[in-house]
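Structural overview for review
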Amino acid sequence: MTARHIPIQLVPASAPSLLRPEADDLTQAVPDSLGRPMRDLRISVTDRCNFRCTYCMPKDRFGRDHAFLERSDLLSFEEITRIARLFVAEGVRKIRITGGEPLLRRQLERLIESLARLDVELTLTTNGALLAQKAHSLADAGLNRVTVSMDALDDTVFGRMNDVGFPVARVLEGIAAAEGAGLGPVKVNCVVKRGVNDCQILPLAEHFRGSPHILRFIEFMDVGNSNGWRMDTVLPSREVLARIDAAHPLQAVAPHYRGEVAERWRYRDGMGEIGVISSVTHAFCGDCTRMRLSPEGRLFTCLFAHEGHDLRAPLRTEADDDNLRRRIRAIWRARDDRYSELRGDATRPDKIEMSYIGG
Ligand code: SAM
Ligand code: SF4
Ligand code: SF4
């Protein structure tokens, strides 16, 4: 198999001046300091979860006494919608609802309904536990698609990953319900930890082969401070592809658009497509167009950031939307994050947790 290479292109700070509108011109999208436009907004609606995936919320750090955010700390749906509308005016074209486990947030459908009125692609990432019961109401509210996380096909291995003994069958029911509700094809995300669930690569691939769903393998990342990440626990995407290719030959597929995070591959026999997300071995910061909003309204310009920008206070005191837009724009304009490309500081102890900001 020939490994395909996606070139990383960093646009230099001296990008063409066409990309640099006047400070007060609120009609044009503004690039960050590395020339990247703002296109995606990830909204984390809760820091709570009904799983304890060892790579995300290990039980010893997220036990009974863990101080989760209080309900009163969370942005209301009205506040989230107001911010989202400003982001769309700033050029955002995709909004993903995430968490924690987003389906734990009460009446989430109300938020989906408001966000669906914006001119964006609206998606949600879930562990699938509550999807079977909620797929239809989410679709009725206007959700476009879902991504479901699923790290194994075998119950024992899956239980070891989610650490609450949650059965595979119920996640599969959720995926089927999503498809039935018109939220498919579903993207299925599998985080691979060497020696823990890499035995599940082929079974998962074979389960979804021939279905409309797209299985994507994600390299285990050093996000947060609590998941015990070490480089030798990462199974590089090249190895994932080699294992699948040996059983079912693969062929590279061109990305849908510049900056697509997952590298696409199709089965040569026409039985569908898979993806790999090589966040560790092949960083894609050069094309990273994402902003992240935390459950209580802090804005993060990178998954590996250690501090966010508070939007909740200005949101609650600032009546003028233009002023809020200027604030968002200034944060984006100053953005110079490229953690994964540098990966110099994997051990710094103050990174935000994935369960707080969402993947
Ligand atoms: N609870 C939902 C779920 O699991 O789909 C949404 C939030 S979860 C933080 C979002 C995504 O981040 C999931 O697909 C999860 O597998 C991924 N993720 C969490 N920790 C990760 C890590 N250390 N490395 C790679 N992916 C991770
Ligand atoms: Fe929960 Fe998702 Fe994190 Fe697993 S990955 S602990 S399901 S937030
Ligand atoms: Fe984007 Fe930060 Fe991830 Fe790089 S490390 S791709 S800048 S979120």
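Look up a bit, the structure's there.
Along each chain, numbering runs from 1 in the same order as the chain's sequence is written. The naming scheme follows written order: chains are lettered A onward, ligands numbered 1 onward. Reporting of local features is limited, given that this is a predicted model, to residues whose pLDDT is at least 70; pairs of side-chain atoms are given and counted only at 80 or more, and all residues count toward the totals for whole chains, interfaces and linings. Values reported for side chains reflect all heavy atoms of the structure, with hydrogen atoms and water molecules removed beforehand.

Turning next to the pattern of salt bridges. What counts as a salt bridge is simple: a side-chain nitrogen of Lys or Arg found within 4 Å of a carboxyl oxygen of Asp or Glu. Evaluated as defined, the whole model comprises 17 salt bridges. With a closest N to O distance of 3.3 Å, R145 and E121 form a salt bridge. Of this pair, R145 sits in strand 4 (residues 145-149) while E121 sits in strand 3 (residues 121-126); the two residues are 24 residues apart in sequence, bridging distant segments of the chain. Judged by its relative accessible area of 16%, R145 falls in the buried class. Overall, E121 belongs to the partly exposed group, its relative accessible area being 27%. Its salt-bridge partner being R230, residue D232 comes within 3.0 Å of it at the nearest N-O pair. Overall, R230 belongs to the partly exposed group, its relative accessible area being 48%. The secondary structure listing takes helices from DSSP runs of H or I that are at least 4 residues long and strands from runs of E that are at least 2 residues long, numbered from the N terminus. Under the scheme applied here, a residue whose accessible area is under 20% of the maximum for its type counts as buried, over 50% as exposed, and between as partly exposed, the area being computed with a 1.4 Å probe on protein chains only.

Fitted lines through C-alpha atoms give the axes, limited to the stretch in contact for helices. The angle between two N-to-C directions lies from 0 to 180 degrees. Helix 9 (residues 321-333) packs onto helix 1 (residues 77-89) with a crossing angle of 65° between their chain directions and a minimal axis gap of 10 Å. The pairing of helix 1 with helix 9 is recorded here as roughly perpendicular in orientation. The handedness of the crossing between helix 1 and helix 9 is right-handed. On the side of helix 1, the interface is formed by R82, L86, F87 and A89, while helix 9 contributes D321, L324, R325 and I328. Split by residue class, the contact of helix 1 with helix 9 holds 5 nonpolar, no polar and 3 charged. Oblique is the label for any angle not under 35 degrees, not over 145, and not in the 65 to 115 range, which are roughly parallel, roughly antiparallel and roughly perpendicular in turn. Note on convention: the crossing is left-handed when the near helix lies turned anticlockwise from the far helix by less than a right angle, right-handed when the turn is clockwise. The contact rule is simple, with two residues in contact once any of their heavy atoms fall within 4.5 Å. Each residue gets one of three labels, nonpolar for Ala, Val, Leu, Ile, Met, Phe, Trp, Tyr, Cys and Pro, charged for Asp, Glu, Lys and Arg, and polar for the others, Gly among them.

Here we take up the pairing of strand 6 (residues 214-219). When a strand is regular, its side chains alternate between the sheet's two faces. Among the 6 residues in strand 6, 5 count as buried, and that is most of the element. Where strand 5 (residues 187-192) and strand 6 come together, 6 bridges link them in parallel fashion. Looking at strand 6, one finds that K187 is bridged to I214. For the handedness criterion, the β-α-β arrangement of strand 5, helix 6 (residues 201-208) and strand 6 is classed as right-handed. Strand pairing requires that DSSP identify at least two bridges connecting the strands. Orient the strands so they point away from the viewer; a crossover is then right-handed if the path from the first strand over the helix to the second runs clockwise.

Okay, unusual backbone geometry next. The linkage connecting G184 with the following residue, P185, adopts the cis geometry, with an omega of -5°. The phi angle at Q107 is positive, at roughly 55°, despite the residue not being glycine. Structurally, the position occupied by Q107 is in the loop between strand 2 (94-98) and helix 2 (108-115). Although it is not a glycine, D163 adopts a positive phi angle of roughly 60°. Along the chain, D163 turns up in the loop between helix 4 (155-162) and helix 5 (168-180).

The local shell around ligand 1 holds 20 residues, among which Y55, G100, S149, V191 and M221 are the closest. Whenever two N or O atoms come within 3.5 Å, that pair is a polar contact, provided that in protein one can donate a hydrogen and the other can accept it, and provided that, for residues adjacent in sequence, both atoms are side-chain atoms. Y55 has a polar backbone atom sitting 3.1 Å from a nitrogen atom of ligand 1. One of the backbone nitrogen or oxygen atoms of G100 is found 3.0 Å away from a nitrogen atom of ligand 1. Accessible surface is estimated by sampling points in the Shrake-Rupley manner with a 1.4 Å probe; for residues, cover comes only from the protein chains shown. Against a free-state accessible area of 550 Å², the protein chains account for coverage of 95% of ligand 1. Whether a residue is near a molecule or strand depends on its heavy atoms: it is near if one of them lies within 4 Å of it.

The strands that make up a sheet are held in pairs by hydrogen bonds between backbone atoms, and each pair lies either parallel or antiparallel. The strand order across the open sheet formed by 12 strands is 7-8-9-6-5-4-3-2-1-10-11-12, and the pairing between neighbours is mixed. Two strands close off the open sheet at either side, each with one partner strand: strand 7 (250-253) and strand 12 (309-310). Bridging between strand 1 (residues 40-44) and strand 10 (residues 290-293) involves 4 bridges; their strand directions are parallel. Of the residues in strand 10, the one forming a bridge with I43 is L293.

All right, on to the packing of aromatic side chains then. Here the aromatic set is Phe, Tyr and Trp, taking the six-membered ring for Trp, and pairing holds for ring centres within 6.5 Å; pairs whose planes are under 30 degrees apart are stacked, those over 60 apart are edge-to-face, and all others are tilted. Within the structure shown, the criterion is met by 3 aromatic pairs. Both rings, one in F51 and one in F158, keep their centres 6.3 Å apart while their planes meet at 80°; by these two values the pair is edge-to-face. Taken together, the residues F51 in the loop between strand 1 and helix 1 and F158 in helix 4 connect sequence positions 107 residues apart. Under the relative-accessibility criterion, F51 is labelled buried at 3%.

This part is about the nonpolar core. We call a set of buried residues a nonpolar core when its members are Ala, Val, Leu, Ile, Met, Phe, Trp, Tyr or Cys and they connect through side-chain atoms within 4.5 Å of each other. Among the nonpolar cores identified, the biggest contains 107 residues, and I43, F87, I95 and I97 are the most heavily contacted of them. Top contributing element to this core by residue count: helix 1, with 7 residues. Excluding anything up to four places from it in sequence, I43 contacts I80, A84, I95, R96, I97, T98, L115 and L293.

Because each turn of an α-helix spans 3.6 residues, side chains separated by three or four positions end up pointing in the same direction. Residues I201, L204, A205 and F208 constitute the buried set of helix 6. The buried residues of helix 6 occupy one face: seen down the axis, they fall within an arc of 100°. Of the surrounding elements, those touching the buried residues of helix 6 are helix 5, strand 5, strand 6, helix 7 (237-247) and strand 8 (263-267). Following helix 6 by one or two positions, G210 adopts a phi angle in the positive range, close to 85°. Arc, as used here, means the arc of the directions from the helix axis to the C-beta atoms.

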